[in-house]
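Notes for the structure review
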Amino acid sequence: MRRTLKPISTQTFRQHLEKFVSLSDPEFEQAMTYFTHRRMKKHDVLVRQGSKVNHTYWVVSGLVTSSYTDVKGKDHIIQFATENCWVTDQNAFYNQNEATFNIVCMEDTELFCLSFENRERICADMHKMESFFRKKANDSFAKQQKRLLTYLTSDAKMRYELLLSEYPQLIQRLSKKTLAAYLGVSRETLSRFGK
């Protein structure tokens with residue numbers, strides 16, 4: 001069901017889009033017709049490992065994690081998505097196959113949702129939005145490479161300190177278990193970092 005969008009939510013989203021492309025009022029209004037709006041509760045699942053992924057999401061408010069559960073049942077946090085971030089299982093969404101990741105709301109969360117079909121349509125109908133998604137993908141890829149390099153070349157303590165410096169507010173919003181899964185350490189090790 002489509003819900004009425006708050007003006008402040010759409011204004012923030014427009015500012016996000018305009019970091020990459022310039023949109024006139026009619027262009028922005030047209031772009032918004034491709035999106036739906038959802039409110040989710042804490043612990044609601046957006047994507048379940050092994051299921052088909054039909055949407056990509058932009059977080060208006062709240063906190064979402066993308067995680068992988070290995071064969072031993074251990075969770076590995078791949079991404080945090082807070083306000084103004086996109087999240088989906090990219091491989092499953094873009095290739096329309098089964099999800100590798102679980103994507104779960106860690107707080108009550110408000111989202112703009114874009115279906116795969118509507119993403120294809122908006123890119124075909126609006127050159128500026130096609131340009132936005134290309135530029136945003138490039139930006140995201142560069143950030144993922146930086147995170148991978150940090151993960152490969154830094155010890156857990158350095159990764160924790162980097163997370164603290166880049167996202168200090170995030171530490172207050174997550175459990176120690178979730179932070180430990182993101183950093184690839186035990187909860188006990190994480191507790192020692194805070195001392």
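Basis of the calculations
Residues numbered from 1 in each chain as written. Predicted model: local features only at pLDDT ≥ 70, side-chain atom pairs only at ≥ 80, totals over all residues. Heavy atoms only, no water. Helix = DSSP H or I, 4+ residues; strand = E, 2+ residues; numbered from the N terminus. Rg over C-alpha atoms; globule rule 2.2 N^0.38 Å. Buried < 20%, exposed > 50% of the residue type's maximum accessible area, 1.4 Å probe, protein only. Pairing = 2+ DSSP bridges. Axes fitted to C-alpha atoms, helices over the stretch in contact; angles between N-to-C directions. Contact = heavy atoms within 4.5 Å. Core = buried A, V, L, I, M, F, W, Y, C linked by side-chain atoms within 4.5 Å. Phe/Tyr/Trp six-rings, centres within 6.5 Å; stacked < 30°, edge-to-face > 60°. Lys NZ or Arg CZ within 6 Å of the ring centre and 35° of its normal. Polar contact = N/O pair within 3.5 Å; in protein donor to acceptor, adjacent residues only side chain to side chain. pLDDT = per-residue confidence, 0-100.

**Considering the overall build of the protein chain**
- Tallying secondary structure elements over the protein chain gives 9 helices and 8 strands in all.
- For the protein chain, the C-alpha radius of gyration of 18 Å lies close to 16 Å, the compact-globule estimate for 195 residues.
- The principal-axis extent of the C-alpha atoms belonging to the protein chain is close to 55 × 35 × 30 Å.
- Among the 195 residues that make up the protein chain, the fraction classed as buried is 42%.

**Here we look at unusual backbone geometry**
- At Asn84, a position not held by glycine, the phi torsion is positive, near 75°.
- Here Asn84 lies in the loop between β5 (75-81) and β6 (86-87).
- By relative accessible area, which is 34% here, Asn84 ends up partly exposed.
- Positive phi values are uncommon outside glycine, yet Gln96 reaches one of about 50°.
- By secondary structure assignment, the location of Gln96 is in the loop between α3 (90-95) and β7 (102-105).
- According to the relative accessible area criterion, Gln96 is partly exposed, its value standing at 26%.

**Considering the sheet that holds strand β1 (residues 36-40)**
- Reading across the sheet, the 4 strands line up as β1-β8-β3-β6 and stay open at both edges, with antiparallel pairing between neighbours. Unpaired on one side and paired on the other, β1 and β6 mark the two borders of the sheet.
- By the bridge criterion, 2 bridges tie strand β3 (residues 55-61) to β6 in an arrangement that is antiparallel. From the neighbouring strand, Tyr57 faces β6, where its bridge partner is Val87.

**Re the sheet that holds β7**
- Ordered by their spatial adjacency, 4 strands build an open sheet running β2-β7-β4-β5, and the pairing between neighbours is antiparallel. Both outer strands of the open sheet, β2 (45-47) and β5, are each paired with one neighbouring strand and no more. Put simply, the sheet's adjacent strands are angled 30° from each other on average, direction ignored.
- Pairing of strand β4 (residues 64-69) with β7 involves 4 bridges; the strand directions are antiparallel. Bridging from a neighbouring strand, Ser67 pairs with Asn102 of β7.
- Along the sheet, helix α8 (residues 176-183) contacts β4 and β5; its crossing angle with β5, the most-contacted strand, is approximately 100°.

**Topic: the nonpolar core**
- Counting 21 residues, the largest nonpolar core has Phe13, Phe35, Ile122, Met129, Phe132 and Phe133 as the members making the most contacts within it.
- Each residue touching Ile122, except ones within four places of it in the same chain, is listed here: Ala31, Tyr34, Phe35, Met129 and Phe133.
- Leu163, Leu170, Ala180 and Leu183 belong to the second-largest nonpolar core, a separate cluster that totals 17 residues.

**Digging into the packing of aromatic side chains**
- Tallied over the full model, the rule gives 13 aromatic pairs.
- On the numbers, 5.8 Å between centres and 20° between planes, the contact of Trp58 with Phe112 is stacked. Separated by 54 residues along the polypeptide, Trp58 in strand β3 and Phe112 in strand β8 (residues 109-115) bring together distant segments of the chain.
- On the basis of relative accessibility, which here comes to 0%, the residue Trp58 falls in the buried class.
- Three or more aromatic residues link up through ring pairs in this structure, and these residues are Phe13, Phe20, Phe35, Trp58, Trp86, Phe112, Phe132 and Phe133.
- One residue, Arg119, lies across the ring of Phe133, its end atom 4.5 Å from the ring centre.

**Description of the side chain of Thr109**
- As for its placement among the helices and strands, Thr109 is situated in strand β8.
- For Thr109, a relative accessible area of 3% puts it in the buried group.
- For Thr109, the side chain forms a polar contact with the main-chain nitrogen of Leu63, separated by 3.5 Å.
- Contacts of Thr109, omitting those with residues within four sequence positions, involve Arg38, Arg39, Met40, Val59, Ser61, Gly62, Leu63 and Val64.

**Structural notes on the confidence of the model for the protein chain**
- Taken as a whole, the protein chain shows an average pLDDT of 89; of its residues, 95% reach a score of 70 or greater.
- Within the model, the stretch residues 1-5 combines pLDDT values under 50 with 13 contacts to residues more than four positions away or in other chains.

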